[in-house]
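Single-letter residue listing:
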Amino acid sequence: MAKVTMLNMAGDEAGTIELKDEIFGIEPNANAVHAVVVNYLANQRQGTQSAKTRGDVRGGGRKPFRQKGTGRHRQGSTTDPSQVGGGVAFAPKPRSYRYSVPKKVKRLAMKSALSSKVAEKEIIVLDELKFEEPKTKEMIKVLNNIKADKKALIITASKDENVVKSAANIPGVKTALVGTMNVYEIVNHNSFIVTKEAVEKIEEVYL
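The following paragraphs examine the structure supplied in this document. (Residues numbered from 1 in each chain as written. Predicted model: local features only at pLDDT ≥ 70, side-chain atom pairs only at ≥ 80, totals over all residues. Heavy atoms only, no water.)

1. Some remarks on the nonpolar core
One recurring pattern in soluble globular proteins: nonpolar side chains tend to sit buried together. Ranked by internal contacts, the top residues of the largest apolar core, which has 32 residues, are Phe24, Ile155, Met181, Phe192, Val194 and Ile202. A per-element tally of this core places helix 3 (residues 103-119) first, with five residues. Excluding residues that lie within four positions of it along the chain, isoleucine 202 makes contacts with Ile23, Phe24, Leu114, Val178, Met181, Val194 and Leu207. Membership of the second largest hydrophobic core comes to 16 residues, among which are Leu7, Phe131, Leu143 and Ile193. (Core = buried A, V, L, I, M, F, W, Y, C linked by side-chain atoms within 4.5 Å. Buried < 20%, exposed > 50% of the residue type's maximum accessible area, 1.4 Å probe, protein only. Helix = DSSP H or I, 4+ residues; strand = E, 2+ residues; numbered from the N terminus. Contact = heavy atoms within 4.5 Å.)

2. Some points on the environment of valine 101
Within the fold, valine 101 resides in the loop between helix 2 (30-44) and helix 3. Accessibility expressed as a relative area gives 12% for valine 101, which makes it buried. For the pair formed by valine 101 and arginine 72, sequence separation is 29 residues and the distance between their alpha carbons is 53 Å. In this structure valine 101 touches Ala35, Val36, Asn39 and Lys106, once residues within four positions along its chain are discounted.

3. Here we look at the environment of lysine 150
As for its position among the elements, lysine 150 is in the loop between helix 4 (136-145) and strand 4 (152-156). Take lysine 150: its relative accessible area is 72%, and that puts it in the exposed class. Separated by 25 residues in the primary sequence, lysine 150 and valine 125 place their C-alpha atoms 17 Å from one another. The residues touching lysine 150, leaving out its near neighbours within four places in the chain, are Pro171, Gly172 and Val173.

4. Quick notes on helix 7 (residues 196-206)
Residues of helix 7 that are buried include every one of Ala198, Val199, Ile202, Glu203 and Tyr206, and no others. Buried residues of helix 7, viewed axially, fall in a sector of 140°; they line one side. The exposed residues of helix 7 that point more than 90 degrees off its buried face are Glu197 and Glu204. Each element contacted by the buried residues of helix 7 is listed here: strand 2 (13-19), helix 1 (21-24), helix 3, strand 3 (123-126), strand 4 and strand 6 (191-195). (Arc of directions from axis to C-beta.)

5. What to know about the pattern of salt bridges
According to the stated counting rule, one finds five salt bridges in the structure shown. As a salt-bridge pair, lysine 117 and glutamate 122 come within 2.7 Å of each other at their nearest N and O atoms. Its relative accessible area of 3% is what places lysine 117 among the buried residues. In this structure, lysine 159 and glutamate 161 form a salt bridge, with 3.5 Å as the shortest nitrogen-oxygen distance. We classify glutamate 161 as partly exposed; its relative accessible area is 39%. (Salt bridge = Lys/Arg side-chain N within 4 Å of Asp/Glu carboxyl O.)

6. Topic: unusual backbone geometry
Even without being glycine, lysine 121 reaches a positive phi, approximately 55°. Examined against the element boundaries, lysine 121 turns out to sit in the loop between helix 3 and strand 3. Residues other than glycine seldom take positive phi values, yet lysine 147 does so here, at roughly 55°. Looking at the element boundaries, lysine 147 is found in the loop between helix 4 and strand 4. Judged by its relative accessible area of 72%, lysine 147 falls in the exposed class.

In structure tokens, the structure reads:
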């Protein structure tokens, strides 16, 4: 088991915590991570783009000019894609980009992402993270104390409005629960900040 030093909100050492190798110590599978990240981004797409084909644009009907004798190329309709104001060839239409990835691949990708954070020393475990009231200044102070990167993902075991609101206005900082964190956000942030309680919940869910 990997041992990680726990910090308190002041940035001082608060003991150590053992992380289970089955979740935080596997050999990262880059293919699984890539598949899940691409799937996540595809599922975020709205798919509302649309353009008119030659059947949708106004016009057409009669032949715009005679077949021969004009010195121009022959043309049968003003809606042809080659004409100004004509339709778009192979025009995009509203569609869903959603697709699913096997659960086993998702779990492997999550464990790979968590393991890579431990291997790259980008994980910061806090004994607790609590604020009496929402204060952006206090959150910035904590992040500075623990030497977190500007792009940081904060994971908590349960929703704490004071923590969420304190981090909401800090560029590059995002909060999530154990049940809502995803592989894309983990790999997209340089610092993975997680509370002791959240680590226990992660091990409970993914073991």
